[in-house]
Amino acid sequence: MENEFKNYFKIEIPKLPLGIHYFDYSLHIEFFEEMGEALMEKIEGQIRVELNKAPRLIVVAYTINGKLELLCDRCLQPYWHPFSLTHKVYYTFERKMREIEEEDVFFLDKNIQYLDLSQDIYDLVTLQIPYRKVPEWCPAASCPAEIMLHLGNKTNTEPLIDDRWAALAKIKIEHLEEENNSI
Ligand SMILES: [Zn+2]
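Described in the following lines is the structure provided in the data block. Quantities reported herein were computed from a predicted structural model and do not represent experimental measurements.

Analysis parameters
Residues numbered from 1 in each chain as written. Predicted model: local features only at pLDDT ≥ 70, side-chain atom pairs only at ≥ 80, totals over all residues. Helix = DSSP H or I, 4+ residues; strand = E, 2+ residues; numbered from the N terminus. Contact = placed C-beta atoms within 7 Å. Pairing = 2+ DSSP bridges. Core = buried A, V, L, I, M, F, W, Y, C linked by C-beta atoms within 7 Å. Buried ≥ 20, exposed ≤ 12 C-beta atoms within 10 Å, placed from the backbone. Axes fitted to C-alpha atoms, helices over the stretch in contact; angles between N-to-C directions.

1. Considering the environment of leucine 124
- Looking at the secondary structure, you find leucine 124 in helix H2 (residues 118–126).
- Leucine 124 sits 37 residues away from histidine 87 along the chain, and the two C-alpha atoms are 8.2 Å apart.
- Residues contacting leucine 124, with those up to four places away along its chain left out, are Tyr62, Ile64, Leu85 and His87.

And the structure:
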């Protein structure tokens, strides 16, 4: 069971003929747990890798579609966050490859046995987790009662403070009046 995904995203490079090759994978929560930390509750999705092997260059094009189950920051209810991404990584066998500028370019040793896509896939998917995890429907009737109450109070905060200040001011005035009367 341990390291079940150790070889899951490894592509043997020497065996591969020149040209375009496709690799299809499924996303599993256990992979993210093995990589260190699963920052989502559940995951479902597909990865398509288009690998183009040329004599001096390997281009890996990712297309990843799926959904992450996250916990709402506000009410801790789970919700699905859909995502879809494409990303290209270039690997070159020549250190002086300057033609490609904007994308990721990595140097590969000529004797490389396999290309491990694990870290790229982990990073690409993990980057899909939004900074603010609150679904559009939150707050909803299904949110825990205490959260609804908390959110309800929050929206009424300003008038409440105003009332308190008004009440405080009134007490102060009454107090002053009492002091004046006692003199
Ligand atoms: Zn919520």
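Text resumes after the structure shown.
2. What about the pairing of strand S3 (residues 42–53)?
- With 8 bridges joining them, strand S2 (residues 19–26) and S3 adopt antiparallel strand pairing. Its bridge partner being in S3, serine 26 is matched across the sheet by glutamine 46.
- Sheet analysis places S3 next to strand S4 (residues 57–71), joined by 12 bridges and oriented antiparallel. By the bridge assignment for S4, isoleucine 47 is matched with isoleucine 64.
- Where S3 folds back on S4, the antiparallel hairpin that results is connected by 3 residues.

3. A short note on the nonpolar core
- Counting 18 residues, the largest nonpolar core has Ile43, Ile47, Leu117 and Ile121 as its most contacted members.
- The set of elements that each furnish at least two residues to this core consists of helix H1 (29–34), S3, S4 and H2.
- Among the elements that take part in this core, S4 stands out by supplying 5 residues, more than any other.
- Discounting chain neighbours no more than four positions away, the residues touching leucine 117 are Phe9, Ile11, Val49 and Val60.

4. Examining the pairing of S4
- In terms of strand pairing, S4 meets strand S5 (residues 78–92) through 15 bridges, oriented antiparallel. When the sheet's bridge partners are listed, leucine 70 is paired in S5 with tyrosine 79.
- Between S4 and S5, which follow one another and run antiparallel, lie 6 residues, and leucine 76 among them has a positive phi close to 65°.

5. Description of the environment of glutamate 41
- Within the secondary structure layout, glutamate 41 lies in the loop between H1 and S3.
- Overall, glutamate 41 belongs to the partly exposed group, with 13 C-beta atoms counted inside 10 Å.
- Between the C-alpha atoms of glutamate 41 and tyrosine 79, which are 38 residues apart in sequence, the distance is 9.4 Å.
- Beyond its immediate chain neighbours, meaning those up to four positions away, glutamate 41 contacts Glu69, Leu70, Leu71 and Pro78.

6. So, the sheet that holds S3
- Within the open sheet, the 5 strands sit side by side as S2-S3-S4-S5-S6. Their pairing is mixed. Two strands in the sheet have a free side with no partner beyond their single neighbour: S2 and strand S6 (104–107). Direction aside, neighbouring strands of the sheet carry axes that sit 20° apart on average.

7. What to know about unusual backbone geometry
- With an omega of 0°, the peptide bond between cysteine 138 and proline 139 qualifies as cis.
- Its location among the elements puts proline 139 in the loop between H2 and helix H3 (145–155).

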